[in-house]
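Read off the chains here:
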Amino acid sequence: MTTRVPAEGGHPAPRTFDALRAQLQDAAAAFTEGPGALDGILHGLVDDVDRALREPLEIFPVCHHSPASATAMARRLRAKQPKTVFLELCEDLAPLLTELRGCRLPVAVQAFATRIDGFPADWAPLSVVAPITEASAEYQAIAYALETPGVELVLVDRSCDHVFQWQPREDTGPGPESTAPAEEEAALHGDAVGVELGDLRPRFAELERHLLRHGKVRHWSEWWHQYVELPLGDADHATYRQVMFLIGSLFRRLAPGDTGRVRVDEDRERYMWTRIREHLAATGADPADSVYVCGAFHAASRVEEFGVHGSSGSFTIPARTATEWQYGLIPSSHTAIEAQFGLESGSVSIAATQWEKNLKRTRVQPYRLKGQAGAKAGRARKAAAPAPAAAEADPADLLSGFLRRPPVLDRLDQEELLGWSVEIVRAARRNGYLASTADAIAVYETSILLAGMRDRAKPTPYDFLDAAVTCIEKDRVPGRRDVRRLVEIMMGGDRIGQVGYESLPPLARDVHDRLAPLGLNLQARGVKRALLDIKTDPRLSACSDVLWMLRHLLPPGAARPIMGERKLGEQPVQESWDLALGTHQRALIELGYEGVSLEQVLEQRLRREANAANATTAVVLRTVEDATLYLGSRRLADELGTRALDVLSGERGVDGAPEVLRRVRKLLAYYRTSEPVLPEWIERFAKTGYAHYCTLLPTAFTDETATVRQVAAMLGFLFGMESLALSLGGDRTQLELAVAQSHPEEPAKTALLWGAQVHIGRLSRQELRERCDALLSNPLMLPAYPRYLSGLLHALEPVPGLVDIVVEAVSNAFARLPDPVLLPWLPTLIATLRGSGTELAPLLTREAGRIFPGRLAELDTWVPPWRTPAAAPARPAAAGQGVALLLAHRETTDALAAVLGCAGPWAAPDEPQGSPLLARHPETASTLAALLGAA
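**Some thoughts on the overall build of the protein**
Then, in step 1: Of regular secondary structure, the protein possesses 38 helices and eleven strands.
Then, in step 2: Counting across all 935 residues of the protein, residues that qualify as buried make up 49%.
Then, in step 3: Residue pairs at least 24 apart in sequence account for 76% of intrachain contacts in the protein once pairs closer than 6 positions are excluded.
Then, in step 4: For the protein, the accessible surface area stands at approximately 45500 Å², while carbon and sulfur atoms represent 55% of it.

Rendered as structure tokens:
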């Protein structure tokens, strides 16, 4: 006699599934030697199924991207014709669903936020995606509701804002793990959080391993395909619902006790049932004319709010934060969906193939949105008007029979397997394999053999894949693709969706409109070559501006210049580009979430980059250059330049000195040639930077963390901006004191200081030569001589006039240094010239060309100019020399003296020469002589 088991809540359970309960009770007793926890779990599964079936509002359980769910959904919608469809999807995504008509599936509905409020700052940007494929029950429900007059589609799941509100704050971020997908298509969703609509996978690792081991499969996707998809593909509506309720209850009851995840799941169920009751109360809709589409995991819910008659008032929906959410559609792909939800590679493509097979077998007519890009046009056939579905009073127990019914290999499965075997051999031949008809027969027979070894009545695509690899791929892969990849392509490959032009945000449409003169289909995937002859067609100048902004804003492969460059003060003449905007459509769409035009987005990003807390002076100067180069905005450039001045005043290090020097030189050259006067901010920057680096110079010379290149860049800024800074009121004494207070210990910085002393006049060029010769003459200093030379090489940046001395010092090093010292130094010399080669190499090359002989034959007799003896100084003229002409013709001199009023007697030739005034006052002459000697 069967015992009546009380259902959860204390009420006696109906007797619909009493036979199944008895079987499960006997099984529990056999396995556990008496009633226990297993008995309670098994009876709880049946209670969950019974409770869901008796709910007045029909619950339709689904699995994400399941062709069996899609087939059952299409069949049920045509039979019942509900007036209201409640769908488990974020409620704030509803306005986007009408835009699916202009897209080619798969695509993803996305919510995106860059300006966040109420969430941790390191979570930004926030992104939520819900991918939609044709072989999904969600798409069938959406297409039915949008194409059928009088039907209302209501999204009842939590909003995208609540997705992150309920995210644990201890997480480092809402995105997935840092391991990036290997393929480009797998990254179409980026680091977005996927909405687990219809997620159905065991959360108990031991249960999943048990199912895989006893199912003789390798991964979860294969288990689901074998034991759920294939049996439910032909099942009727009642059987489908009971099986899905049972699976959802099983995975729910055997889930581990993760309190955080369980709490979120139950809050989602309370949220959805609360929204359903609110809508029914507000519209007066009849639950009998409605259907609730949700994941099977949530269909077997045990919360108090479950059902249209569940408790109300115990759950309050929290308010949304002030985060500004943007919504749109982005392209998706099978690979991206697999990466997002942890599915096996190729499983979504196999599901798409199974969907087509289900439609052919069951002759179910699916729902499709009118004008859907990429949708196959179905054959026109007149369908009879569906009869209204009768209300289910007491559902019958269909689980007991279904669970014991084995699958049968029908004629369609055999034809499909034959077609696969022939097609894979044809594809293998095209890719270099030595495959023949015998291999096709072997693949067919091996597939059946493997299915029998795995206790399957009919082979699955996974059995066929193993058989193809075994029979065709012998010892090597002759081409780019192996057999596994060929099978995936044959099964449908990785389908990549596309968002239609009308569904693009205004910015993306504006980009395509502005690039229309190129005459290219930029919405198609792949790389397009664009040739811009701007001199011939001036209209293309605007296209060039758009392309350079896209290169700055989009990933590197979206817009890549092949020929041409954009520099300050230069006008483009001809350019060549490789464009892949269709491939990077997601990135272009997400730009539309930030503004309505490229110029606005670029300006916002430049401001955000310049005002960041970690922005350096070099970074802010780069934004100034970009604002001038891409936007031509003097207003924005002045604003960012003022910001650079503020950042420079607060810096206490010299790490960015080389970059600061390079960018300031470039901006100064541009403004001096294109503007009548320099902008005020750059004049203030030159004056402030002069005083700033003068203050930091002594510390930088002794700081071990400051490199020689950084100190040389500081000196380059000081010497290059000296005239401008002094004209604006700067004091050169600051520079002289800074150099005098610098006392480096490192040889390279010491040589760099010598170059600075030569520039300001504290050291003569001859003294610098003598110091270099002294280093070479001292055996103890020979090992350190290359480091002194490195300092002299860096000194060419601030003091390019030392190039002749540097060439002389390097030549002496090659001539006099021993090989054990010279050879280890050569890599350092090459690295120094490579790091600053743009500026230093031309100087050294020109000076060496001037000094060294131009022909090889002259080299043997050539003597370096620094080894040539100095010419003897000219002897002073003896007394009386040089005045013989004057003494012979005194009339001219007397006449000139009379005119000037200096008449007087002539001195005798043997009398002392010189002016009597200088003889009486020698101090002035001595001081002048001292000054001339110092110069």
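**Thoughts on the packing of helix H25 (residues 680-702) against helix H26 (residues 708-720)**
Then, in step 1: Orientation of H25 relative to H26, taken along the N-to-C sense of each, is 145°, at an axis distance of 9 Å. Considering how the two elements wind past one another, H25 and H26 form a crossing that is left-handed. Contact residues: H25 offers Phe685, Ala686, Gly689, Tyr690, Tyr693, Cys694, Leu696, Leu697, Ala700 and Phe701, while H26 offers Val711, Met714, Leu715, Phe717 and Leu718.
Then, in step 2: For the contact of H25 with H26, a count of residues per class yields 14 nonpolar, one polar and no charged.

**A look at the pattern of salt bridges**
Then, in step 1: According to the stated counting rule, one finds 41 salt bridges in the structure shown.
Then, in step 2: For Asp510, the salt bridge is made with Arg514, and the minimal N-O distance between the two is 3.3 Å. Separated by four residues within a single helix, Asp510 and Arg514 lie in helix H18 (residues 506-514), roughly one turn from each other.
Then, in step 3: On the accessibility criterion, Asp510 (25% relative accessible area) is partly exposed.
Then, in step 4: Exposure remark for Arg514: the relative accessible area of 26% places this residue in the partly exposed category.
Then, in step 5: Notably, a salt bridge pairs Glu594 with Arg605, separated by 2.8 Å at the nearest N-O pair. With Glu594 in the loop between helix H20 (585-592) and helix H21 (598-610) and Arg605 in helix H21, this residue pair connects regions lying eleven residues apart in the sequence.
Then, in step 6: Since its relative accessible area comes to 25%, Arg605 is described here as partly exposed.
Then, in step 7: Salt bridges linked by common partners bring Arg263, Glu266, Asp267, Arg270 and Glu305 together as one network.

**Structural notes on the nonpolar core**
Then, in step 1: Membership of the largest hydrophobic core comes to 192 residues, with the highest contact counts inside it found for Leu515, Leu550 and Phe685.
Then, in step 2: Aside from chain neighbours lying at most four places away, what touches Phe685 is Thr617, Leu621, Ala644, Leu645, Leu648, Val660, Val664 and Phe717.

**Details of the side chain of Glu575**
Then, in step 1: Along the chain, Glu575 turns up in strand E11 (residues 574-579).
Then, in step 2: With no salt bridge to any partner, buried Glu575 finds its closest opposite charge in Arg566, at an N-O distance of 4.6 Å.
Then, in step 3: Within polar-contact distance, the side chain of Glu575 engages the side chain of Ser544 at 2.9 Å.
Then, in step 4: Polar side-chain contacts of Glu575 include one of 3.0 Å to the side chain of Trp577.
Then, in step 5: In this view, Glu575 contacts Ala530, Leu531, Leu532, Ile534, Ser544, Trp548, Met563 and Gly564; residues no more than four positions away in its chain are not counted.

**Notes on the confidence of the model for the protein**
Then, in step 1: For the protein, the average pLDDT comes to 78, and 81% of its residues sit at 70 or higher.
Then, in step 2: This model gives residues 174-182 a pLDDT under 50, and the stretch forms ten contacts once residues within four places in sequence are excluded.
Then, in step 3: Across residues 377-391, confidence stays below pLDDT 50; counting only partners more than four residues off in sequence or on other chains, it has twelve contacts.

**What to know about a nonpolar patch on the surface**
Then, in step 1: A cluster of nonpolar side chains, contributed by Leu896, Val899 and Leu900, occupies part of the molecular surface with about 350 Å² of accessible area.
Then, in step 2: Tracing the backbone shows Leu896 in helix H36 (residues 890-900).
Then, in step 3: Overall, Leu896 belongs to the exposed group, its relative accessible area being 53%.

**Structural notes on unusual backbone geometry**
Then, in step 1: Residue Pro106 is bonded to the preceding Leu105 through a cis peptide linkage, with omega at 5°.
Then, in step 2: With respect to the helices, strands and loops of the structure, Pro106 is situated in the loop between strand E2 (84-90) and strand E3 (107-113).
Then, in step 3: The phi angle at Gln81 is positive, at roughly 55°, despite the residue not being glycine.
Then, in step 4: One can find Gln81 in the loop between helix H3 (67-80) and E2.
Then, in step 5: Not every positive phi belongs to a glycine, and Arg363 is a case in point at roughly 60°.
Then, in step 6: Looking at where Arg363 falls in the secondary structure, it is placed in the loop between helix H12 (347-362) and helix H13 (399-404).

**Structural notes on the sheet that holds strand E7 (residues 290-295)**
Then, in step 1: Across the sheet, four strands lie side by side as E1-E7-E2-E5; this open sheet has parallel pairing. Each of the sheet's edge strands pairs with one partner strand only, and the pair in question is strand E1 (58-62) and strand E5 (152-157). Taken pair by pair, the neighbouring strands of this sheet meet at an average axis angle of 30°, ignoring direction.
Then, in step 2: Pairing between E2 and E5: five bridges, direction parallel. Residue Val85 lies in a different strand from E5, and its bridge partner there is Leu153.
Then, in step 3: Sitting on the sheet, helix H4 (residues 137-147) is in contact with E1, E2, E5 and E7, with an inclination near 135° to E2.

**Re helix H15 (residues 437-453)**
Then, in step 1: A rise of 1.5 Å per residue sets the reference length of H15, with its 17 residues, at 24 Å; its end C-alpha atoms lie 24 Å apart and thus fit the reference within 8%.
Then, in step 2: Along H15, the positions that sit buried rather than exposed are Asp439, Ala440, Val443, Tyr444, Thr446, Ser447, Leu450 and Ala451.
Then, in step 3: Just downstream of H15, Asp455 is the residue with a positive phi angle, here 60°.

**Here's the deal with the packing of aromatic side chains**
Then, in step 1: Counted under the stated rule, the structure contains 16 aromatic pairs.
Then, in step 2: Measuring from centroid to centroid gives 5.4 Å for Phe112 and Tyr593, while their planes differ by 35°, and the two rings are tilted. Here Tyr593 lies in the loop between H20 and H21 and Phe112 lies in strand E3, a separation of 481 residues in the sequence. You'll find Phe112 and Tyr593 in the same group, each marked buried.

**Concerning helix H22 (residues 617-631)**
Then, in step 1: Between the first and last C-alpha of H22 there are 21 Å, a value that for 15 residues agrees with the 21 Å anticipated at 1.5 Å per step.
Then, in step 2: Inspection of H22 places Thr617, Ala618, Val620, Leu621, Thr623, Val624, Glu625, Asp626, Ala627, Thr628, Leu629 and Tyr630 among the buried residues, and these make up the whole buried set.
Then, in step 3: Residues of H22 that are buried in the fold lie against helix H19 (540-553), H21, helix H23 (634-650), helix H24 (657-674) and H25.
Then, in step 4: Gly632 occupies a position one or two residues after H22 and carries a positive phi of about 60°.

About the criteria used
- Residues numbered from 1 in each chain as written.
- Predicted model: local features only at pLDDT ≥ 70, side-chain atom pairs only at ≥ 80, totals over all residues.
- Heavy atoms only, no water.
- Helix = DSSP H or I, 4+ residues; strand = E, 2+ residues; numbered from the N terminus.
- Buried < 20%, exposed > 50% of the residue type's maximum accessible area, 1.4 Å probe, protein only.
- Contact = heavy atoms within 4.5 Å.
- Areas by Shrake-Rupley, 256 points an atom, 1.4 Å probe, with all protein chains shown as cover.
- Axes fitted to C-alpha atoms, helices over the stretch in contact; angles between N-to-C directions.
- Left-handed = near helix turned anticlockwise from the far one by under 90°.
- Nonpolar A, V, L, I, M, F, W, Y, C, P; charged D, E, K, R; others polar.
- Salt bridge = Lys/Arg side-chain N within 4 Å of Asp/Glu carboxyl O.
- Core = buried A, V, L, I, M, F, W, Y, C linked by side-chain atoms within 4.5 Å.
- Lys, Arg positive; Asp, Glu negative; His and termini not counted.
- Polar contact = N/O pair within 3.5 Å; in protein donor to acceptor, adjacent residues only side chain to side chain.
- pLDDT = per-residue confidence, 0-100.
- Patch = residues over 30% accessible without salt bridge, like charges linked within 9 Å, V, L, I, M, F, W, Y side chains within 5 Å.
- Pairing = 2+ DSSP bridges.
- Expected span 1.5 Å × (residues − 1).
- Phe/Tyr/Trp six-rings, centres within 6.5 Å; stacked < 30°, edge-to-face > 60°.

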